[in-house]
Amino acid sequence: MDYLAGIWERNWLTNQGPLVKEFEKKIQDYHGLSTSVHCVANGALGLQIALKALGVKGEVITTPFSYVATTSCPLWEGCTVKFADIEPDYLTIDPQAVEAAISSKTEAILATHVFGNPCDVEALESIAKKHGLALIYDAAHAFGVTYNGKSILEYGDVSMVSLHATKLMHSVEGGFVVAKDPAVRTKVEWMRRFGHDGYDAYHGVGINAKMSDFHAAMGLCILKHFESISNSRRLLSEAYSAGLPDGIFAFRARPGATANYSYYPVLFESESILLEAMRLLSDCNIYARRYFHPLLHRVEELQPASFECSVAESVASRVLCLPMMAIDDVERFAELTLINLNAVSS
Ligand SMILES: *Cc1c(COP(=O)(O)O)cnc(C)c1O
């Protein structure tokens, strides 16, 4: 309410208002970043601006195991997309598969820190350097994650974090971009606001990807509670792990990385067990999601060409994200889930 009162008092509702600036500064400080962050209206626009600012127009190598935006954004920007398989342990894009997919037309790698678990950033970095490719991270799930003692957002040329209402940290709709190169940062800064410099001067061609002060106000409110939100998710994850069969959690945490506990994906032995578990859970009014399913290289509207991604196929057919509910329900829920899972496997 205080933030809203301030907005009406100033009558400054959007266009890089003071709350957006405060939010950006707090996000930067929270991640210990030496460079500025640039808030945008949503994560998808952040990815599109990243591609534009880096001048990527041709072929982009990406993962089929991600949200649709990871593929649709480069396609929307007129790029072509090639899919590389994922690593079975970490579920992030497999650097060897990336290197095998590189052609003379390849301009960028677009990799997702899936469920907040970092990609093999060292391997991807050296491949990108060797072949002169831009390296973009879809860090939509990775708010607050660190790797080897520093923010995961320090890696790659550009990272995009989504602040959509379904994410761990959010501003209803929103996102932000972190770019390493100052020239790219300047482009991102102008591109997100039509290139406007005052009333009558322009810096190149831009788009409207501005975050409003209302959205920033929501973000500022939630940011105050982020640690406790992440912590309650940790407790819930631990309760799940204590209550569920060993080894059912879907991925191995990348050594050196911290977790933000935004998701609790489990991997069943087969798709038929998954479907039966979903049915039993929904009988108890518990709705788990097949995240990510279908694989993006299987979505005909996105990609008519065929790609061989056998690891991703196997994972996507068996993965289910369990709902992260209120902390009071954790134990009852884990119990219920366990009963159901036992029913399924017996
Ligand atoms: C949510 C999400 C996006 C899109 O972010 P929006 O803020 O909803 O535009 C992109 N990639 C991944 C992996 C996501 O989960």
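Concerning empty space enclosed by the protein
Summed over all chains, the structure comprises one cavity of 30 Å³ or more. Quantified by volume, the largest cavity comes out at close to 50 Å³. Lining the lining of the largest cavity are residues from two domains, each supplying at least three of them: domain 1 (2-223) and domain 2 (225-345).

A word on the domain arrangement of the chain
Interfaces are frequently sized by the accessible area removed from exposure as the parts join. Here the domain parsing of the chain yields domain 1 (2-223) and domain 2 (225-345). Each partner contributes to the interface: domain 1 provides 42 residues, whereas domain 2 provides 34 residues. Both sides together, the interface formed by domain 1 and domain 2 hides about 3,500 Å², and carbon and sulfur atoms give 64% of it. Contact with domain 2 buries surface across domain 1, with Tyr 90, Phe 115 and Leu 168 losing the most and accounting together for 22% of the total. One can count two salt bridges joining domain 1 with domain 2. Of the charged contacts in the structure, one is a salt bridge between Arg 252 and Asp 89, with a shortest N-O distance of 3.7 Å. Per-class residue counts for the side of domain 1 that touches domain 2 are 26 nonpolar, 10 polar and six charged.

Comments concerning the sheet that holds strand β9 (residues 175-179)
On the basis of which strands lie adjacent, the open sheet formed by seven strands has the order β1-β9-β8-β5-β4-β2-β3 and mixed pairing. Two strands lie at the open edges of the sheet, namely β1 (38-40) and β3 (80-83), each paired on one side alone. The average undirected angle you get between the axes of adjacent strands in this sheet is 25 degrees. Strand direction decides the pairing type here: strand β2 (residues 59-62) and β3, joined by four bridges, are parallel.

Some words on the site of the ligand
Neighbouring the ligand are 17 residues; Gly 43, Asp 138, His 141, Ser 162 and Lys 167 lie closest to it. Taking 380 Å² as the accessible area of the ligand by itself, protein coverage stands at 93%. Using a 2 Å cut-off from the grid points, one finds that the ligand occupies the largest pocket. A per-class count over the shell around the ligand returns six nonpolar, nine polar and two charged.

Focus: the nonpolar core
Judged by nonpolar contacts, the single largest core of 47 residues is most densely connected at Phe 23, Ile 109, Leu 124, Phe 143 and Phe 176. Of all the elements in the fold, those that place two or more residues in this core are α1 (2-10), α2 (18-31), α5 (95-101), β4 (106-112), α6 (121-131), β5 (134-138), β9 and α8 (213-223). With five residues, the single largest contributor to this core is α8. Setting aside residues no more than four positions away along its own chain, Leu 124 makes contact with Ile 93, Pro 95, Val 98, Ile 109, Ala 111, Cys 119, Leu 135 and Tyr 137.

Concerning the packing of α2 against α8
Here α2 crosses α8 at 35 degrees, and the two axes come no closer than 8 Å. As for how α2 packs across α8, the hand of that crossing is left-handed. Of the residues in α8, those touching α2 at Pro 18, Leu 19, Val 20, Glu 22, Phe 23, Lys 26 and Ile 27 are Asp 213, Ala 216, Ala 217, Gly 219, Leu 220 and Leu 223. In terms of residue class, the contact of α2 with α8 is made up of nine nonpolar, one polar and three charged.

Here's the deal with the pairing of β5
Most of β5 is tucked away, with five of its five residues classed as buried. Of the two faces of β5, both are covered, the one formed by Ala 134, Ile 136 and Asp 138 as well as the one formed by Leu 135 and Tyr 137. Two elements, β4 and β5, share five bridges in a ladder whose sense is parallel. Within β5, the residue paired with Ala 108 across the bridge is Ala 134. Between β4 and its parallel partner β5, the chain crosses via α6, and the hand of that crossover is right-handed. Here three bridges tie β5 to strand β8 (residues 158-162), and the two strands are oriented parallel to one another. In the sheet register, Ile 136 faces β8, and the bridge partner there is Val 158.

Definitions and limits used
- Residues numbered from 1 in each chain as written.
- Predicted model: local features only at pLDDT ≥ 70, side-chain atom pairs only at ≥ 80, totals over all residues.
- Heavy atoms only, no water.
- 1 Å grid on protein atoms, 1.4 Å probe; cavity = no way out; pocket = protein on both sides within 12 Å on 5 of 7 lines; lining within 4 Å.
- Points joined across faces, edges and corners; volume = space filled by probe spheres on them.
- Domains from an automatic or database assignment.
- Contact = heavy atoms within 4.5 Å.
- Buried area = accessible area lost by both parts, 1.4 Å probe.
- Salt bridge = Lys/Arg side-chain N within 4 Å of Asp/Glu carboxyl O.
- Nonpolar A, V, L, I, M, F, W, Y, C, P; charged D, E, K, R; others polar.
- Pairing = 2+ DSSP bridges.
- Helix = DSSP H or I, 4+ residues; strand = E, 2+ residues; numbered from the N terminus.
- Axes fitted to C-alpha atoms, helices over the stretch in contact; angles between N-to-C directions.
- Near = heavy atom within 4 Å.
- Areas by Shrake-Rupley, 256 points an atom, 1.4 Å probe, with all protein chains shown as cover.
- Sits in = over half its atoms within 2 Å of the grid points.
- Core = buried A, V, L, I, M, F, W, Y, C linked by side-chain atoms within 4.5 Å.
- Buried < 20%, exposed > 50% of the residue type's maximum accessible area, 1.4 Å probe, protein only.
- Left-handed = near helix turned anticlockwise from the far one by under 90°.
- Right-handed = clockwise from strand over helix to strand, strands pointing away.

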